[in-house]
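The primary structure of each chain is shown beneath.
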Amino acid sequence: MASSYGPPAAPQEPAPEAGWSDRVSELAAWLDGILAGLHGLDLEGVAPSSAYSAAGTQAGTPDAVL
Amino acid sequence: MLSCEMTVEEAAAAVGGRELSPVELVESVLTRCEASEGRLNAYATVDADRARKAAARAEREIREGDYRGPLHGIPYGLKDMIDTAGIPTTAGSRAWEGRVPGQDSTVAARLARAGAVLVGKTQTHEFAYGLLTPQTFNPWRAERTAGGSSGGSAVAVAAGSALFALGTDTGGSVRVPAALNGVVGLKPTYGLVPCVGVAPLSWSLDTVGTLTRTAGDAGLVLRALTDQGHHGPGTPPRCAGTRGDLLGLRVGVPAAFFFEHVDPQVEVAVRQAIEDLRALGATTVPVVPPLTEHMEATHWGLMAPEAAAVHERGLREVPHLYGRDVRLLLEAGAHILAADHLRAQRSRTLIRQAWLGVFDGVDVIAAPSVPLTAVPRDQDTVNWPDGYTESVTSAYVRLSAPGNVTGFPTLSLPVARDSDGMPIGMQLMARPFDESTLLRTGSVFERSRDDPARPAPAQGTHH
């Protein structure tokens, strides 16, 4: 039975040029290589920072800033 | 001096004192637009009729005693990522061609409430995903890049076709063009300025910032952006300070990272500016910025998958309407695993904690804004003397990323020019919500110098 959570239909538009998917794969591989650098970090006990905790956002008020 | 060449502080004093009409001021800016836009293309849309009506309204309000404060009647530009009711907002993309928002973003609404006069929407690198703004030209040398992604905003301020402008900064997109065009760029603390109604690039990094000719002007604009209506009209910016020195200020001077692979002219100019801060009473303290070896990975690990998620529907439905460079980044970003995105978020936690520790010993960190000045528009890579090669984009983002990954406020100031006359920027970073220290330091530094913050020549100096 088909899942309602399946991926959307593939784009109908043609790829912009021959070899496009290869270029995407190359860049994705480059990003993977960059991100591999984080594997060596000791992150035990470290929680992810969410969008709203990135800089302690809620701690400040406009009056405190200027 | 033409009124379009004034700083916001100068114009506000003249408008508030009824020595300058907002109508005259806006007309001066529109005249500068007509003279420079064919050469610079800072704006995607100029709405002169609307600006003239708003200026006439401001003039009438001020004449009737309803002065709203220092931005009342001041003409400005908004990056085309920021929604404005009834005015096209296309994020520099064919994918959003013809899009006209039904309501203002929060920042546009706050500037309207402050009485500022919108001139138009400024050019951006498509969806702010790049650091070049290729459709816009540097006012100091047309053959050099304007930088980006808020290139149109920086150029408008640098050229006198706006007294201030807003941009967005996810990886340096306010500070990079500020440095390359010789204006002041402020990236506030993450979350301080609302992003409601601003096209996202990366939700956990995006920041709305200011482009101005002085740090004092940045303070005036930031006050309006963070003002939630509780202040009386004409409240002076407390950031301006009254002391003319920097006694007691501790300036951290990076012993690593920020001066590596930096053009010698940029390094000399920034180190001289740091010496100037010392001469004004500051003390310098060597610091070692921590975990910098993980900055690039953390930045990409956050930005690339978030940007891909932002544009998931657009890539599915109208991929052919995206520019090739942006589409490539978005499609590659969609391949990043959730585990890698979370690892980047956890790395950000570590980096932020470590950088907070640095600020136990200093009040600001001073460093080059970008490693090199505006490069020729057709230059793709930078080759350093030790053999290290990087793309121009990587070079421009490299020193900016810490401000975004940590979320800390960062101010870029023009401090000198290179041998070709191109501006050199110094960035100052402070602990979260300490914009006041950044702006006071910048203001004192500016006042100590004898080069007033004036726009580029109207007709340009080089072609």
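Whatever comes next refers back to the structure up there.
Everything numeric here is computed off the predicted structure, so don't read it as measured data. (Residues numbered from 1 in each chain as written. Chains lettered and ligands numbered in written order. Predicted model: local features only at pLDDT ≥ 70, side-chain atom pairs only at ≥ 80, totals over all residues. Heavy atoms only, no water.)

### Notes on the packing of aromatic side chains
Then step 1. Evaluation of the coordinates by the stated rule reveals seven aromatic pairs over all chains.
Then step 2. Where Trp30 of chain A meets Trp300 of chain B, the ring centres are 5.7 Å apart and the plane angle is 85 degrees; that geometry is what we call edge-to-face. Placement of the pair is Trp30 of chain A in helix α1 (residues 20-36) and Trp300 of chain B in helix α9 (residues 295-310), with the two residues belonging to separate chains.
Then step 3. A relative accessible area of 16% means that Trp300 of chain B is categorised as buried.
Then step 4. Taken together through their ring pairs, the aromatic side chains of Trp96, Phe127 and Tyr322 of chain B make up a single cluster.
Then step 5. The positively charged end of Arg99 of chain B is found above the aromatic ring belonging to Trp96 of chain B, 4.2 Å away from the centroid.
Then step 6. When the ring centre of Trp140 of chain B is taken as origin, the NZ or CZ atom of Arg417 of chain B, which lies over that ring, is 3.9 Å away. (Phe/Tyr/Trp six-rings, centres within 6.5 Å; stacked < 30°, edge-to-face > 60°. Helix = DSSP H or I, 4+ residues; strand = E, 2+ residues; numbered from the N terminus. Buried < 20%, exposed > 50% of the residue type's maximum accessible area, 1.4 Å probe, protein only. Lys NZ or Arg CZ within 6 Å of the ring centre and 35° of its normal.)

### Focus: the layout of surface pockets
Then step 1. Empty space within the largest pocket amounts to approximately 1,400 Å³.
Then step 2. Lining the largest pocket we find 48 residues, and of these Trp300, Ser391, Val392, Thr393 and Ser394 of chain B sit closest to its centre.
Then step 3. Mapped by element, the contributors of at least two residues to the lining of the largest pocket are α1 of chain A together with α9, α11 (324-333), β11 (389-391) and α13 (392-398) of chain B.
Then step 4. The element contributing the most residues to the lining of the largest pocket is α9 of chain B, with six residues.
Then step 5. Looking at the lining of the largest pocket residue by residue, the classes come out as 22 nonpolar, 17 polar and nine charged. (1 Å grid on protein atoms, 1.4 Å probe; cavity = no way out; pocket = protein on both sides within 12 Å on 5 of 7 lines; lining within 4 Å. Points joined across faces, edges and corners; volume = space filled by probe spheres on them. Nonpolar A, V, L, I, M, F, W, Y, C, P; charged D, E, K, R; others polar.)

### A closer look at the sheet that holds strand β5 (residues 184-187) of chain B
All names here are of chain B.
Then step 1. What the 11 strands build is an open sheet, ordered β1-β3-β2-β4-β6-β5-β12-β13-β9-β7-β8; its pairing is mixed. The strands lining the two open edges of the sheet, one partner per strand, are β1 (43-46) and β8 (283-287). The average angle at which neighbouring strand axes cross in this sheet is 30 degrees, direction not considered.
Then step 2. Strand direction decides the pairing type here: strand β2 (residues 75-79) and strand β3 (residues 117-122), joined by five bridges, are parallel. In the sheet register, Leu78 faces β3, and the bridge partner there is Lys121. (Pairing = 2+ DSSP bridges. Axes fitted to C-alpha atoms, helices over the stretch in contact; angles between N-to-C directions.)

### Quick notes on helix α8 (residues 264-279) of chain B
Residues and elements named next belong to chain B.
Then step 1. With 16 residues, α8 should reach 22 Å at 1.5 Å per residue; the first-to-last C-alpha distance of 22 Å fits that figure.
Then step 2. By the burial criterion, the buried members of α8 are Val266, Ala269, Val270, Ala273, Ile274 and Leu277. Relative to the axis of α8, the buried residues are bounded by an arc of 140 degrees and lie together on one face. Across from the buried face of α8, at angles greater than 90 degrees, the exposed residues are Pro264, Val268 and Ala279.
Then step 3. Here the buried face of α8 lies against β7 (250-254), β8, β9 (364-368), β12 (410-417), β13 (423-430) and α15 (435-447).
Then step 4. Structurally, the start of α8 carries an N-cap: the backbone nitrogen of Gln265 is 2.9 Å from a side-chain oxygen of Asp263.
Then step 5. Positive phi appears at Gly281, one or two residues downstream of α8, with a value of about 115 degrees. (Expected span 1.5 Å × (residues − 1). Arc of directions from axis to C-beta. Contact = heavy atoms within 4.5 Å. Polar contact = N/O pair within 3.5 Å; in protein donor to acceptor, adjacent residues only side chain to side chain.)

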